[in-house]
Amino acid sequence: MSGDAKNPYDNACGQIKICAAQMDIDPGLYEILISPKMVHTVSLPIKMDNGEIKVFTGYRVQHNDARGPYKGGIRYHHEVSMDEVQSLAMGMTWKCALIDIPYGGAKGGIVCNTKEMSIGEKEHITRRYTTMISQFIGPYRDVPAPDMYTDAQTMAWMMDTYSVIQGYSVPEVVTGKPIGLGGSEGRAEATGRGVAIILRETAKSLGMKLKDSTVVIQGFGNVGVNAAMTLYSMGCRIIGVSDSRGAIYDPVGLNPSKVFSHKLETGSVEGFQGSEKLTNEELLELECDFLVPSALGNQITLKNAGNIKAKVIVEGANNPTTTEADKILENNGILLVPDILANSGGVMVSYLEWVQNINRQHWSLTDVNQQLEAKLVSSFKNVWDMKEEKGLNMRDTSLAIGVGRVADAIRMLGLFP
Ligand code: GLU
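Section: the sheet that holds strand β1 (residues 38-47)
In a beta sheet, neighbouring strands are held together by backbone hydrogen bonds and run either parallel or antiparallel to one another. Taken in spatial order, the 5 strands line up as β1-β2-β4-β3-β5 in an open sheet, and their pairing is mixed. A strand with exactly one partner marks an edge of an open sheet, and here the two such strands are β1 and β5 (142-146). Ignoring strand direction, the axes of neighbouring strands in this sheet form an average angle of 20°. Judged from the 5 bridges that link them, strand β3 (residues 70-77) and β5 form a sheet pairing that is parallel. Across the sheet, Y70 pairs through a bridge with D142, a residue of β5. Running at roughly 150° to β5, helix α5 (residues 152-166) makes contact with β3 and β5 of the sheet.

Re the pattern of salt bridges
Taken as a whole and assessed by the stated rule, the structure comprises 22 salt bridges. A salt bridge links R75 to E84; its shortest N-O distance comes to 3.2 Å. Note on accessibility: R75 and E84 belong to one class, buried. A salt bridge links K177 to E353; the nearest nitrogen and oxygen atoms lie 2.7 Å apart. Residue K177 is located in the loop between α5 and α6 (187-206), and its partner E353 is located in helix α12 (residues 345-358); the two are separated by 176 residues in the primary sequence. What emerges from the salt-bridge pattern is a single network uniting R75, E84, K107 and D147.

Calculation rules
- Residues numbered from 1 in each chain as written.
- Predicted model: local features only at pLDDT ≥ 70, side-chain atom pairs only at ≥ 80, totals over all residues.
- Heavy atoms only, no water.
- Pairing = 2+ DSSP bridges.
- Helix = DSSP H or I, 4+ residues; strand = E, 2+ residues; numbered from the N terminus.
- Axes fitted to C-alpha atoms, helices over the stretch in contact; angles between N-to-C directions.
- Contact = heavy atoms within 4.5 Å.
- Salt bridge = Lys/Arg side-chain N within 4 Å of Asp/Glu carboxyl O.
- Buried < 20%, exposed > 50% of the residue type's maximum accessible area, 1.4 Å probe, protein only.

Here it is as structure tokens:
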């Protein structure tokens, strides 16, 4: 949702302003909706392996908790900024409301490059960050989860640090944990699996056949890999994938499990047997049925939107398309399925993990996947039906549902004092 000219937070506010005007939300309520309730910036001095001391910056933005505890991931990336984290936190508020789970929205991040850090340095930074925000998080306050370049191990360190501070074990303070520590079956795959389910529902609604449909996936991290594998099992032809080092193309179709093994061996998808090498720009502009951006934000912009040849874009990543690009795609008849719907499978299974934890239960993968499937199918149907009825695009429809539910919650709670 970030823009070409403006910063990501201003852009997200701009979108809500349009949405608020259509929904009879008065200016005061609009101000509440766009204002993050709490914003934390922490400095993290870390002794690196070579003995040098480096000070990193971390953020946790708690956007809105009108519908329940704050919820959202923590990302580690050298381009993390306060504006980005604020817009992502806001996105979590609408995402949780859109799929109707009892959470508000938050996001965190640390400005760092994990590719240049040892496992020990990552552990130190995670533990120091958790300590600094420990008084603001908690199972009924704010529940972090993984995001870009964080994973189950990161969550295990966060859980341990928080538990040490509390003096007892608190698995329910974070989701996306390793299964042996109270993590949910199916959580690691949930975002990618959810992307595939939403893509399948989109195809069905458009009367497109999934079998042999061509799919291009940008990003081969947790989301991209799991989306690719699920779509492959549904009969789609994965003709292109990429990672931060490069992109590959095979019109006959790639086997994502084999590409993943190649990436584990060599560090990149590049050089996969029988594939043609492309640039990231070329990959995005490939002719295909479905384009699934599952990497960074700001990938489809004013610059390349006019060259996109996909019929449908399903946003696996958060904020991959700028507002200006949205308009170009719409004018060109490309259907866009927005991030807050397309990648909501991750936070849905985070919610299931939290429910299991607070009830001291552990459910089977079948149970988890059934609930994920049911939730995504009904959320998709809600958006699709309202889009058809109101003649809005899918992003505006999804925002209208999410923002509308949060606005209702704020009205019911009233203002204190
Ligand atoms: N980081 C993921 C997202 O952007 C998951 C958040 C969560 O599970 O709390 O939706």
